[in-house]
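Structural characterization, general
Each chain, letter by letter, is given below.
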Amino acid sequence: MSQYNKNLLVLLIELFSITIQCSPAAGEGRSKEVAPGVYMIGDLSFSNCGYIVTDEGVVVVDTQLIPFFANEMIKEIKAITNKPIKYAINTHWHTDHVGGNEAFLPQTRIIAHEFTRKIIAKRRKEQEEGKVDESLKQLGEFKFTPPDITFDESMTLYMGNTVIELKFFGGGHSGGDIVVYLPKEKVLFSGDLFIKGSGLPDYRDDSNIDKLISSLRKMQALDIEKIISGHMDIAEKKDIQTSIDKLISFRKQVKKYVDANIPPEKAAESIKFPEGENPFYEQNFKKVIHKVYNDIKNVKH
Ligand SMILES: [Zn+2]
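Presented here is an overview of the structure given in this document. (Residues numbered from 1 in each chain as written. Predicted model: local features only at pLDDT ≥ 70, side-chain atom pairs only at ≥ 80, totals over all residues.)

What about the overall build of the protein?
Here is the rule: Helix numbers and strand numbers start at the N terminus; a helix is a DSSP run of H or I with at least 4 residues, a strand a run of E with at least 2. The reference for a compact globule is 2.2 Å times residues^0.38; the radius of gyration itself is calculated from the C-alpha atoms. For every residue pair, C-beta atoms are placed from the backbone, and the pair is scored as a contact if these atoms sit within 7 Å.
When helices and strands are tallied, the protein shows 9 helices and 12 strands. Its C-alpha radius of gyration of 19 Å places the protein within 12% of the 19 Å reference for a compact globule of 301 residues. Once the C-alpha set of the protein is aligned to its principal axes, its extents read approximately 60 × 40 × 35 Å. Within the protein, contacts between residues at least 6 apart in sequence are counted, and of these 67% link residues at least 24 apart.

Take a look at the structure:
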């Protein structure tokens, strides 16, 4: 591992309070083949990414936090196949899933939901105008790169014998979450819409707990054997119900405070961080409670 890589990992650990596994270098067996031609890389930084090798080229799902990790990903793909990387899909706009887009240009087209493109384009503009916050600056030189192919509801890529379906279920984790579904292989890339063991929404403005529950229910209609999510381990279809149950129970907990007209600050003091939850949410847990409180108040139950 290079000095730059080590320094970056230390920074990421500080920034995100997350333990990052330092395992083999790129091209040395990071890729896990979950179904024929369908790979997951789970230990490159702190979010998962994946790729699908088809007769007509490679399709990448999520591009990591910054071009440095995306380049590691590209090396890893090149160790498996010499086919060109035709498309990179962004499941949603959060930086740990799209920050590496730039590394795939110019040969790769980037696909996402229209909402995701709008946010990334806005962040690119802010970058160009020097209006970025300190944590982003610390990630070094990189340019937010907006997708050049977008859709609103669904689209399908026919890549030789491989069918790749992209679906928008209404969002919930963000305003533009899409999933990548391979009907023949029965594999789903769920982005952060579904994360194994997690039953919390995101804390940012465009998240919404009710949309999240509704999207997960739509996800359950798919015939799935394996789920590669944006964080944590590979999951199975039954794990989606566990997340729905956790979300419903968390919503009920927060709703008690809304119904009793107790301010969200009190709720944030009293409600405990759920056991087994994605550790990324721990540092933002109070913000999550505020967000859910306001979402419930806005729909009036
Ligand atoms: Zn996310």
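Moving on from the model shown.
Topic: the sheet that holds strand E11 (residues 187–191)
Note the following rule: What makes two strands pair is DSSP finding at least two bridges between them. Comment: axis = line fitted to C-alpha atoms, over the contacting stretch for helices; angle = value between 0 and 180 degrees taken between N-to-C directions.
One open sheet accounts for 5 strands, arranged E8-E9-E10-E11-E12; its pairing is mixed. Two strands lie at the open edges of the sheet, namely strand E8 (154–159) and strand E12 (226–229), each paired on one side alone. Here the strands of the sheet are splayed against their neighbours by 20 degrees on average, with no regard to which way each runs.

Considerations on the nonpolar core
As a reminder, the rule being used: Buried Ala, Val, Leu, Ile, Met, Phe, Trp, Tyr and Cys residues form a nonpolar core when they are connected through C-beta atoms within 7 Å. Note on burial: count the other C-beta atoms lying within 10 Å of the residue's C-beta; 20 or more is buried, 12 or fewer is exposed, in between is partly exposed, and C-beta positions come from the backbone.
If you look at the biggest cluster of nonpolar residues, it comprises 69 residues, and the most contacted ones within it are Tyr51, Val60, Ile89 and Val254. Ignoring any residue separated from it by four or fewer positions in sequence, one finds Val254 in contact with Ala267, Ile289, Val292, Tyr293 and Ile296. Core analysis: the second largest hydrophobic core is formed by 6 residues, Trp93, Val98, Phe115 and Ile120 among them.

Examining unusual backbone geometry
Of note, the amide linkage connecting Leu105 to Pro106 takes the cis form, showing an omega dihedral of 0 degrees. Here Pro106 is to be found in the loop between helix H3 (95–98) and strand E6 (109–113). In this model, Lys186 sits at a positive phi of 60 degrees, which is unusual for a non-glycine residue. Within the secondary structure, Lys186 sits in the loop between strand E10 (178–182) and E11. By the C-beta count within 10 Å, which is 16 here, Lys186 ends up partly exposed. Positive phi, normally seen in glycine, also occurs at Asn261, with a value near 60 degrees. Tracing the sequence through the fold places Asn261 in the loop between helix H7 (238–259) and helix H8 (264–270).

Some thoughts on the sheet that holds strand E3 (residues 49–54)
Across the sheet, which stays open at both edges, the 7 strands sit in the order E1-E2-E3-E4-E5-E6-E7 with mixed pairing between neighbours. Only two strands of the sheet have a single partner each, and these edge strands are strand E1 (31–35) and strand E7 (149–151). Here the average twist between neighbouring strands, direction ignored, is 25 degrees. Looking at chain direction, strand E4 (residues 57–61) and strand E5 (residues 85–89) are connected through 4 bridges and run parallel. By the bridge assignment, Val61 is partnered in E5 with Ile89. Sheet strands in contact with helix H4 (residues 114–128) are E6 and E7, and its direction is about 110 degrees off that of E6.

Concerning the packing of H7 against helix H9 (residues 285–299)
Operational definition: Oblique is the label for any angle not under 35 degrees, not over 145, and not in the 65 to 115 range, which are roughly parallel, roughly antiparallel and roughly perpendicular in turn. Crossing handedness follows the turn of the near helix against the far one: under a right angle anticlockwise gives a left-handed crossing, and clockwise gives a right-handed one.
H9 packs onto H7 with a crossing angle of 70 degrees between their chain directions and a minimal axis gap of 9 Å. Here H7 is positioned roughly perpendicular relative to H9, judged by the angle of their axes. As H7 runs across H9, the sense of the crossing is right-handed. Mapping the contact onto sequence places Arg251, Val254, Lys255, Tyr257 and Val258 in H7 and Ile289, Val292, Tyr293, Ile296 and Lys297 in H9.

Re the pairing of strand E2 (residues 38–41)
Of the two faces of E2, the one holding Val38 and Met40 and the one holding Tyr39 and Ile41 are both buried throughout. Note: E1 against E2, 4 bridges, orientation antiparallel. Residue pairing for E2: Lys32 is matched across the bridge by Met40. Where E1 folds back onto E2 in an antiparallel hairpin, the turn is made up of 2 residues, including Gly37, whose phi is positive at roughly 80 degrees. Bridging between E2 and E3 involves 4 bridges; their strand directions are antiparallel. If you follow Met40 over to E3, its bridge partner there is Gly50.

Here we look at helix H6 (residues 209–219)
To keep it simple, the criterion reads: Our arc is simply the arc of the directions from the helix axis toward the C-beta atoms.
Within H6, burial applies to Ile209, Lys211, Leu212, Ser215, Leu216 and Met219. For H6, the angular spread of the buried residues around the axis is 155 degrees, confining them to a single face. Buried-residue contacts for H6 involve E10, E11, H7 and H9.

A few points about the pairing of E8
When E8 meets strand E9 (residues 162–168), the two strands line up antiparallel, connected through 6 bridges. If you follow Met155 over to E9, its bridge partner there is Leu166.

Concerning the environment of Ser270
The residue Ser270 is located in helix H8 in this model. Since 12 C-beta atoms lie within 10 Å of it, Ser270 is described here as exposed. Remark: the alpha-carbon pair of Ser270 and Glu165, spanning 105 residues in sequence, is separated by 42 Å.

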